[in-house]
Amino acid sequence: MSRKIIALVVSLILVLGACSALAEGIKVGIVNNPPSESGYREANVKNFEEVFSAENGYEASTFYSLKNDEQLSAANQFITDGVDYLLISAAETTGWDQVLADAQEAGIGVFLFDRMIDADPSMFEAAVVSDMANEGDLAVSWLLDQGLDEYNVIHIQGAMGSDAQLGRTGALDAAAADGKVNLVVQQTATWDEAEAKKIVESVINSGEKFNVIYAENDGMAKGAVAALDEAGITHGVNGDVIVMGFDCNKWALRELLAGNWNYDGQCSPFQAGVIDEMIKTLEEGGTIEGLNEKGQIINEERGFDATAITEEDIETYGLGE
Amino acid sequence: MAKKSFAAKIRNEYSQLLVPLVALALIILFNLFRDPGFFSISLAKNNLGNTVLQGNLISTLNGASELAILAMGMTLVTAACGGQDISVGAVAAIAGSVFVKVLRGSAGVTPLTVALGILGGIVVAMLFASFSGTLVAVFKIQPMIATLILYTCGRSIAYWINGGATPTVESPIINSIGSFIPGIPIPTPILIVIVVGILFSLLFRFTNLRLYTQTVGINQGAARLNGINSVGIKLLSFVLLGGCCAIAGVIGVSRLGLINHETLLLDVEMDAILSVAIGGNLLGGGKFKMSGSILGAYAIQALTITLYAMKVPSTDIKAYKAIVIILIVAMGSPVVKEQMNRLWKKLAGKGSAAKFRREAA
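Given the structure is predicted, the values throughout are model-derived calculations rather than measurements.

Undergrad: Please set out the overall build of chain B residue by residue, giving values where relevant.
TA: A count of helices and strands for chain B gives 16 helices and two strands. Projecting the C-alpha coordinates of chain B onto the three principal axes gives extents of approximately 85 × 55 × 40 Å. Per-residue burial for chain B yields a buried fraction of 49% across its 361 residues. Residue pairs at least 24 apart in sequence account for 74% of intrachain contacts in chain B once pairs closer than 6 positions are excluded. Of the roughly 17200 Å² that chain B leaves accessible, carbon and sulfur atoms contribute 69%. Between the averaged position of the 28 positive side-chain charges in chain B and that of its 12 negative side-chain charges there is a distance of 13 Å.

Undergrad: Explain the overall build of chain A to me, and be specific about the residues and the numbers.
TA: Each helix and strand counted, chain A has eleven helices and twelve strands in total. Along the first, second and third principal axes, the C-alpha atoms of chain A reach 90 × 50 × 35 Å. Among the 321 residues that make up chain A, the fraction classed as buried is 51%. Of the contacts formed within chain A by residues at least 6 apart in sequence, a portion of 72% connects residues at least 24 apart. Carbon and sulfur atoms make up 51% of the accessible area of chain A, which amounts to about 14100 Å² in all. Averaged over its 18 positive side-chain charges, chain A has a centre that lies 8 Å from the centre of its 55 negative ones.

Undergrad: Explain the sheet that holds strand β5 (residues 126-129) of chain A residue by residue, including any values.
TA: Residue and element names in this part refer to chain A. Strand order in the open sheet formed by six strands is β2-β1-β3-β4-β5-β11, and the pairing between neighbours is parallel. Since the sheet does not close on itself, it has two edges, and those belong to β2 (58-64) and β11 (296-298), each with one partner. Across the sheet, the axes of successive neighbouring strands diverge by a mean angle of 20 degrees, strand direction being ignored. As judged from the seven bridges shared by strand β1 (residues 26-32) and β2, these two strands associate in the parallel manner. The residue of β2 that forms the bridge with K27 is E59. Packing against the sheet, helix α3 (residues 68-81) makes contact with β1, β2 and β3 (85-88), and its axis sits at approximately 175 degrees to β1.

Undergrad: Would you mind going over helix α13 (residues 268-278) of chain B in detail, with residue names and values included?
TA: All names here are of chain B. Of all eleven residues that make up α13, nine are buried, and the element is covered over most of its length. Buried residues of α13: V268, E269, D271, A272, I273, L274, S275, V276 and I278, and no others. In this structure, the buried residues of α13 make contact with α2 (18-34), α4 (65-81), α5 (88-105), α7 (143-162), α14 (290-309) and α15 (317-332). One or two steps after α13, the chain reaches G280, where phi turns positive at roughly 80 degrees.

Undergrad: I'd like to hear about the interface of chain B and chain A, residue by residue, with values.
TA: Across the contact, 40 residues belong to chain B and 40 residues belong to chain A. Here chain B meets chain A over a buried area of about 2900 Å², counting both sides, of which 48% is carbon and sulfur. It is N47(B), L256(B) and Y308(B) in chain B that bury the most area against chain A; as a group they hold 23% of the surface buried on that side. For the pair chain B and chain A, the interface holds two salt bridges. Taken together, chain B and chain A are joined by 15 residue pairs in polar contact (both at pLDDT 80 or more). Of all the secondary structure elements, the ones that give two or more residues to the side of chain B that touches chain A are β1 (42-45), β2 (51-54), α3 (56-63), α12 (230-256) and α14 of chain B. Of the residues belonging to the side of chain B that touches chain A, the class tally is 13 nonpolar, 22 polar and five charged.

Undergrad: Now, about the confidence of the model for chain A: what can you tell me, with residues and values included?
TA: Residues and elements named next belong to chain A. Across chain A, pLDDT averages 89, with 93% of residues at or above 70. Looking at the elements of chain A, mean pLDDT is at its lowest for helix α1 (residues 2-22), recorded as 57, and at its highest for strand β8 (residues 212-215), recorded as 98. Low pLDDT (under 50) marks residues 18-22, which in the prediction has zero contacts with non-local residues, meaning those over four places away or in another chain.

Undergrad: Break down the environment of I204(A) for me, citing the residues and quoting the values.
TA: Residues and elements named next belong to chain A. Along the polypeptide, I204 turns up in helix α7 (residues 193-206). The class for I204 is buried, based on a relative accessible area of 16%. Apart from residues lying up to four places away in sequence, I204 is in contact with F210, A227, L228, A231 and I233.

Undergrad: Describe α5(B), listing the residues and the values that go with them.
TA: One full turn of an α-helix is made of 3.6 residues, so residues set three or four places apart face in the same direction. With 18 residues, α5(B) should reach 26 Å at 1.5 Å per residue; the first-to-last C-alpha distance of 25 Å fits that figure. Counting buried positions over the 18 residues of α5(B) gives 14, a clear majority of the element.

Undergrad: Tell me about the state of the cysteines, and name the residues and values.
TA: Residues and elements named next belong to chain B. Per the counting criterion, the structure on display carries zero disulfides over all chains. Left unpaired, C81 is separated from the closest cysteine sulfur, that of C245, by 14 Å. Left unpaired, C245 is separated from the closest cysteine sulfur, that of C244, by 7.0 Å.

Undergrad: Explain the nonpolar core to me, using residue names and the numbers behind them.
TA: Counting 73 residues, the largest nonpolar core has L70(B) and F200(B) as its most contacted members. Sort the elements by how many residues they give to this core and α4(B) lands first, with twelve residues. Core analysis: the second largest hydrophobic core is formed by 45 residues, V184(A), A226(A), L24(B) and L258(B) among them.

Undergrad: Just give me the short version of a nonpolar patch on the surface, but keep the residues and values in it.
TA: Residue and element names in this part refer to chain B. A contiguous nonpolar patch, built from V138, F139, I141, I145, L148, Y151 and V231 and spanning about 600 Å² of accessible area, is present on the exposed surface. The leading source of residues in the nonpolar patch is α7, at three residues. With respect to the helices and strands, the residue L148 is situated in helix α7.

Undergrad: Report on the packing of aromatic side chains, specifying residues and quantitative values.
TA: A complete count under the given rule lists eleven aromatic pairs over all chains for this structure. Pairing F38(B) with F39(B) gives two aromatic rings, centres 5.0 Å apart and planes at 85 degrees, and the pair type is edge-to-face. F39(B) carries the same exposure label as F38(B), and that label is buried. An aromatic cluster of three or more residues is present, and its members are F48(A), F52(A), Y58(A) and F113(A). In this arrangement the basic side chain of R205(B) is found over the ring face of F206(B), its NZ or CZ atom lying 5.9 Å from the centre. Over the ring of F204(B) we find R210(B), and its NZ or CZ is 4.9 Å from the ring centre.

Undergrad: Can you break down the pairing of strand β4 (residues 109-114) of chain A residue by residue, with the values?
TA: All names here are of chain A. With six of six residues buried, β4 lies mostly within the body of the structure. Bridge count between β4 and β5: four bridges; the pairing is parallel. Bridging from a neighbouring strand, F111 pairs with A126 of β5.

Undergrad: Outline empty space enclosed by the protein, supporting the account with residue identities and numerical values.
TA: Counted according to the given criterion, the structure contains five cavities of 30 Å³ or more. Contributing to the lining of the largest cavity are 15 residues, with E201(A), E230(A), L53(B), Q54(B) and S59(B) lying nearest its centre. When contributions to the lining of the largest cavity are tallied by element, the ones reaching two or more residues are α7 and α8 (218-231) of chain A together with β2 and α3 of chain B. Split by residue class, the lining of the largest cavity holds eight nonpolar, five polar and two charged.

The rules we used
- Residues numbered from 1 in each chain as written.
- Chains lettered and ligands numbered in written order.
- Predicted model: local features only at pLDDT ≥ 70, side-chain atom pairs only at ≥ 80, totals over all residues.
- Heavy atoms only, no water.
- Helix = DSSP H or I, 4+ residues; strand = E, 2+ residues; numbered from the N terminus.
- Buried < 20%, exposed > 50% of the residue type's maximum accessible area, 1.4 Å probe, protein only.
- Contact = heavy atoms within 4.5 Å.
- Areas by Shrake-Rupley, 256 points an atom, 1.4 Å probe, with all protein chains shown as cover.
- Lys, Arg positive; Asp, Glu negative; His and termini not counted.
- Charge placed at Lys NZ, Arg CZ, Asp CG, Glu CD.
- Pairing = 2+ DSSP bridges.
- Axes fitted to C-alpha atoms, helices over the stretch in contact; angles between N-to-C directions.
- Buried area = accessible area lost by both parts, 1.4 Å probe.
- Salt bridge = Lys/Arg side-chain N within 4 Å of Asp/Glu carboxyl O.
- Polar contact = N/O pair within 3.5 Å; in protein donor to acceptor, adjacent residues only side chain to side chain.
- Nonpolar A, V, L, I, M, F, W, Y, C, P; charged D, E, K, R; others polar.
- pLDDT = per-residue confidence, 0-100.
- Expected span 1.5 Å × (residues − 1).
- Disulfide = S-S within 2.5 Å.
- Core = buried A, V, L, I, M, F, W, Y, C linked by side-chain atoms within 4.5 Å.
- Patch = residues over 30% accessible without salt bridge, like charges linked within 9 Å, V, L, I, M, F, W, Y side chains within 5 Å.
- Phe/Tyr/Trp six-rings, centres within 6.5 Å; stacked < 30°, edge-to-face > 60°.
- Lys NZ or Arg CZ within 6 Å of the ring centre and 35° of its normal.
- 1 Å grid on protein atoms, 1.4 Å probe; cavity = no way out; pocket = protein on both sides within 12 Å on 5 of 7 lines; lining within 4 Å.
- Points joined across faces, edges and corners; volume = space filled by probe spheres on them.

Written out as structure tokens, the structure is:
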């Protein structure tokens, strides 16, 4: 009997050993913010889980926290565990010097994504980040291409001082300063849909003319549209008012497809593919090219036009469900 | 003599409403001078083809709906417990999430599933509220500290319920809760406030709840000696506030057909407490007047709409709001009130003395 048990245990160990030998992939440790942070983060986390999977030849360990100190200790743990690569979206830009130095000493390649760290570019392989200003520029140049006689814009801003707000506001402010657009009103709704609705309602009640709504995220655009609907103002493709949103939630892109909105811009949460390619290049002994002087690769941003969007775009690029 | 006591009764009953009424009147007067068209109401056809009422007045009444409902519940908690619930926004977000969860979980949005969703939201919100209520009533924790727990974690709980960041629900039924019922030109949220108000007044009319709540609020030891279950009364006030939170949450979700657990009724707790204070209610508990709180809610909303209409820069709006609120609260403070009373008596005294002299001559 006992011999049988020993045989069973030994064979189990052998099987397990064979399995782990089979699963021997590139070890990556991913430090990110938790998916509950936002729709953006949810898509971001999902993207990394899909790309750095066992099928793609990776053995990924993940850690999610909004707190920098927890992220730091997780990164230390990953270094101790002997990962091949460390992928970091830091909660704060400072405090990472020791981790980066330890990783370099251990021969671990570090990639930063989404958020930068205050560090010398020599301390990491590459950073894949978004250029928020670029996202705003893309949207405003789309707007100016629409060839309206005049642009009377209701501008609904996000939480003041956030990266997304600064980038999305900057481009429109520049166009207003050049006299290309007229800002009927510029107010922050702090990402609050209901507040956005109240702002648009107050403009409608004042009787002032407007023909563009530039809302800095999808939710606020939806709030603005609710106010238009109640006032009987048409919007979207062939409507009186152009509606622009940001983030590209799936439900928002469906509004585009239905012609209720006109434009949705995105700060792309999909950085995993780019990092995957760079890791493969390094594994084959190549070097990473195309970095700027800060060691960054700027993520490609997208903007969707209601007249050109397809079901496939919604499935591929839409956030959430 | 009878006349005088009647006048005194009126003064006692309604002097409390003086502050919110004066505040509202000042905002209205200010707007009349600024832009006489501010209060114009017009009929328009909305994009669904319904004829509906429009204008700043309607926007104010409509926009304040959630706040007015929360203010009613907050008044009760304030009166019974001598403290405030700062988790109403978070509990409303939880209830709204439950509402959305039920709708998205069921096959289609029908009147039945909507009713179930609302019921589910109310039950869950009442459970969470009774958690806070138990901490306050049984464990004698200060209301603000007890509700700090849900204030902190409530919105995370709301996130767990649905997972996605901003789940949406589309349906004509949802639309008629959040904006207009076809054929009725008044925004539905205004009607809901009226219904909730009537329910509360019926409750006070046919039960001793008002008396008991005030008694517990003024002196709970004496209340207990008189056979009033002060723990039960405090708990009940929280449960009723939970119901109010759920209704406010459902309205908030239905306005847009979307729930954002992070921003739904954000910072509403502060406005709700302010409504109670502006309404002339004692924040330390005891006697209360719900109508004062409702007026307070409308005053706050009127102020916000006015600032929007004046295009006050977004970054400054809260500062202006704070200044006006300081003035209103100071106006209602006991010290200022006493000074005013003294002034009033002096004037009235002089008047009657003059009258007496005239009569003597």
